[in-house]
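Spelled out, the chains give:
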Amino acid sequence: MARLIAKTPAEGLLPVEVAGVRLSEVDPGGLTSVAALGGADIGAALKAATGASLPGPGATTTGRGGARVVWFGVRHVLVMGPPVAALDGAAVTDQSDAWCTLRLDGAGARDVLARLTPLDLRPSSFAEGATARTLLGHMQASITRVEDDAYLILVFRSMAKTAVHEITEAMESRAARLRLT
Amino acid sequence: MRLPCPCCGDRDIREFTYRGAALARPGEGAGIDRWDDYLHLRDNPAGAVRDLWYHGGGCGAWLVVERDTVTHAVDGARLAAEGL
């Protein structure tokens, strides 16, 4: 039987550091999509399964075992961390292999991201713990501000190389601008 | 131009795709004239319009957006799932 070797989406491409901003790939542990079916209220079931409350639009919550629940769309959240078993009233799917999870951190990470996304990244509208589905260049992405100067960026696995290229280019453009001033 | 997504807040136009006028679909058994009207006939008004936008670059919701083609003012948006 063939022995398959697991590769992370951005294997061999990262980490990259330019002018104090680092882009690295992180292993989220697991990614589970939880979508409420119809008008089902899944708050209690999610709380029982993960220890985290159901985040509203643009919010994240945390639960047991480092679980981070990220709002992912209309009546739809993504659980990063321990796998989630079936929940009543929800469509639960394992998407661990479907997304590339990147972390952009360091002073200036916000300036780099601002070159790629139309999102308002100012702290007043995108505080720590905030999340958004938005565009990164031409890619659909999920961006979460996990620390003051650190962002988690999820793109489709098939876009990993493009995402790394675009973010690296934005990091270099920012560095070039800094050299002028 | 920015659209006020009920889930995401004000978002840039590049996250959205225009999906045509927000019209009620003809009911079961509707006549051919009613379907012809629904599929092909549009008013193209100068002024207030209601149209569908897909927030594909964001939360994935379909929205009914009320806007004005003369002033370019956007008066509001709500989820199409709540009814046209």
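Everything below is about the structure shown above.
Residues numbered from 1 in each chain as written. Chains lettered and ligands numbered in written order. Predicted model: local features only at pLDDT ≥ 70, side-chain atom pairs only at ≥ 80, totals over all residues. Heavy atoms only, no water.

A. Summary view of the pairing of strand 5 (residues 68–73) of chain A. All names here are of chain A. Most of strand 5 sits inside the fold, with five of its six residues counted as buried. In terms of strand pairing, strand 4 (residues 60–62) meets strand 5 through three bridges, oriented antiparallel. Counterpart to Thr61 in the pairing with strand 5 is Val69. Both strand 5 and strand 6 (residues 76–80) contribute to a ladder of five bridges, which runs antiparallel. If you follow Trp71 over to strand 6, its bridge partner there is Val77. The hairpin turn running from strand 5 into strand 6, its antiparallel successor, is two residues long, and Arg75 in that turn takes a positive phi close to 50°. (Buried < 20%, exposed > 50% of the residue type's maximum accessible area, 1.4 Å probe, protein only. Helix = DSSP H or I, 4+ residues; strand = E, 2+ residues; numbered from the N terminus. Pairing = 2+ DSSP bridges.)

B. Examining the interface of chain B and chain A more closely. Of the residues lining the interface, eleven residues belong to chain B; the matching set on chain A comes to eleven residues. Of all residues in chain B, Cys7, Arg11 and Arg14 of chain B bury the most surface against chain A, accounting for 38% of the area lost on that side. Put simply, chain B and chain A have zero salt bridges between them. The tally of links from chain B across to chain A stands at three residue pairs in polar contact (both at pLDDT 80 or more). (Contact = heavy atoms within 4.5 Å. Buried area = accessible area lost by both parts, 1.4 Å probe. Salt bridge = Lys/Arg side-chain N within 4 Å of Asp/Glu carboxyl O. Polar contact = N/O pair within 3.5 Å; in protein donor to acceptor, adjacent residues only side chain to side chain.)

C. Region of interest: the pattern of salt bridges. All names here are of chain A. Per the stated rule, a full pass over the model turns up ten salt bridges over all chains. Notably, a salt bridge pairs Glu147 with Arg103, separated by 3.2 Å at the nearest N-O pair. Taken together, the residues span a long stretch of sequence, with Glu147 in strand 10 (residues 139–147) and Arg103 in strand 8 (residues 99–105) at a distance of 44 residues. For Glu147, a relative accessible area of 38% translates into the label partly exposed. Close ionic contact of Asp120 with Arg122 constitutes a salt bridge, the shortest N to O distance being 2.7 Å. Here Asp120 falls in the partly exposed class, since its relative accessible area comes to 30%.

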